[in-house]
Amino acid sequence: MVQEPRIGSQVGQMYGGVVYRQGVLRRVFVLFMSMFLTVISALMAIGVGWPDPIAIGATLATVGFAWMTVAWIRHMRAGTVALRVTRDGFYDHTSLLVTRHMPIRWHDVRGMRLQASGDQLFLTVELHDPATHIRHLGPFARMAVKANVKLGFGPINIVQSHIKGAHPREVLTVMESYWVASRWNA
């Protein structure tokens, strides 16, 4: 039985798991922005004319933003779950670099912390062997994760603004509770 997260109910959550939901407005906003940027970059590519370097860059941007739009539509169709925390591990659905089909097991986790980048807050998860995790991702996701690691983030960064109705410290506390409990039960 999966329960909705509520502050102070971590003991009850330990038995069935916790599901955090995504906000609909945030999801629609990200989709709208990726579509908008696809159109703008396509118009720039057409307006500047070929073989101008700006047109080449705008064409590459159009392809990248179009890929993001398609990926985000697929991501939205997957459901409204942002983060699923279970006894065995967790599934992250908060970004395009997600682990939704690949659970992160608690025994693979080395640590967790909240980390800010600009006005965005992430729950960064450090792994004992990040190379194993990175190996199972697609080529774009592998490049993005490697870039995140070079910037001082972990290989898994849960986007806190995509989690509806839960304070970032609460999410961190719940995940740490499951992580610590898994070490006692090992």
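Here the structure is a predicted model, which means the values were calculated and not measured. (Residues numbered from 1 in each chain as written. Predicted model: local features only at pLDDT ≥ 70, side-chain atom pairs only at ≥ 80, totals over all residues. Heavy atoms only, no water.)

Caption draft 1: Highlighting the overall build of the chain. When you go through the chain residue by residue, the secondary structure sums to 6 helices and 7 strands. Scanning the chain from its N terminus toward the C terminus, one meets helices and strands in the order α-β-α-α-β-β-β-β-β-α-α-β-α. Classification of the 186 residues of the chain by burial places 39% in the buried group. Taking the contacts inside the chain whose residues are at least 6 apart along the sequence as the reference set, 60% of them involve residues at least 24 apart. Summing over all exposed atoms, the chain offers an accessible surface of approximately 10,800 Å²; the carbon and sulfur share of this is 64%. (Helix = DSSP H or I, 4+ residues; strand = E, 2+ residues; numbered from the N terminus. Buried < 20%, exposed > 50% of the residue type's maximum accessible area, 1.4 Å probe, protein only. Contact = heavy atoms within 4.5 Å. Areas by Shrake-Rupley, 256 points an atom, 1.4 Å probe, with all protein chains shown as cover.)

Caption draft 2: Fine view of the sheet that holds strand β3 (residues 89-92). Pairing within the open sheet is antiparallel, and its 4 strands lie in the order β1-β2-β3-β4. Of all the strands in the sheet, the pair left with one neighbour each is β1 (18-21) and β4 (104-105). With 2 bridges joining them, β3 and β4 adopt antiparallel strand pairing. Bridging from a neighbouring strand, Phe-90 pairs with Ile-104 of β4. Docked against the sheet, helix α6 (residues 168-184) engages β1, β2 (81-85) and β3, running at close to 155° with respect to β1. (Pairing = 2+ DSSP bridges. Axes fitted to C-alpha atoms, helices over the stretch in contact; angles between N-to-C directions.)

Caption draft 3: Summary view of the packing of aromatic side chains. Inspection of the entire model under this criterion finds 3 aromatic pairs. Judged by centre distance (6.3 Å) and plane angle (20°), the ring pair of Phe-32 and Phe-36 falls under stacked. With Phe-32 and Phe-36 both in helix α2 (residues 24-48) and 4 residues apart, this pair spans about one turn of that helix. The class for Phe-36 is partly exposed, based on a relative accessible area of 40%. When the ring of Phe-122 is compared with that of Phe-153, the centres are 5.6 Å apart and the planes differ by 80°; the resulting orientation is edge-to-face. Residue Phe-122 is located in strand β6 (residues 120-127), and its partner Phe-153 is located in the loop between α5 (139-150) and β7 (156-159); the two are separated by 31 residues in the primary sequence. Judged by its relative accessible area of 11%, Phe-153 is buried. (Phe/Tyr/Trp six-rings, centres within 6.5 Å; stacked < 30°, edge-to-face > 60°.)

Caption draft 4: Seen up close, the nonpolar core. Membership of the largest hydrophobic core comes to 23 residues, with the highest contact counts inside it found for Phe-90, Val-125 and Met-175. Of all the elements, α6 adds the most residues to this core, at 6 residues. Setting aside chain neighbours within four positions, we find Val-125 in contact with Phe-90, Val-109, Gly-111, Met-112, Gly-154, Pro-155, Ile-156, Ile-158 and Met-175. (Core = buried A, V, L, I, M, F, W, Y, C linked by side-chain atoms within 4.5 Å.)

Caption draft 5: Examining the sheet that holds β7 more closely. Strand order in the open sheet formed by 3 strands is β5-β6-β7, with antiparallel pairing between adjacent strands. Pairing within the sheet leaves two strands with one partner each, and these edge strands are β5 (109-117) and β7. Within this sheet the neighbouring strands show an average axis-to-axis angle of 25°, counted without direction. Two strands pair when backbone bridges link them, and β5 and β6 are joined in this way by 8 bridges, in the antiparallel orientation. Its bridge partner being in β6, Met-112 is matched across the sheet by Val-125. Against the sheet, α6 touches β5, β6 and β7, its axis set at about 175° to β5.

Caption draft 6: A look at a nonpolar patch on the surface. Together, Phe-32, Phe-36, Val-39, Ile-40, Leu-43, Met-44, Val-48 and Ile-54 make up a nonpolar patch on the protein surface, roughly 730 Å² of accessible area in all. It is α2 that contributes the most residues to the nonpolar patch, 7 residues altogether. Taking the relative accessible area as the measure of exposure, Ile-40 reaches 34% and is therefore partly exposed. (Patch = residues over 30% accessible without salt bridge, like charges linked within 9 Å, V, L, I, M, F, W, Y side chains within 5 Å. Salt bridge = Lys/Arg side-chain N within 4 Å of Asp/Glu carboxyl O.)

Caption draft 7: Structural view of the confidence of the model for the chain. Overall, the predicted model of the chain reaches an average pLDDT of 81, with 85% of residues at or above 70. Considering each helix and strand of the chain separately, the mean pLDDT is smallest for helix α1 (residues 10-16), with a value of 47, and largest for β5, with 91. Note on residues 1-15: pLDDT under 50 across the span, and 33 contacts to partners over four residues away in sequence or across chains. (pLDDT = per-residue confidence, 0-100.)

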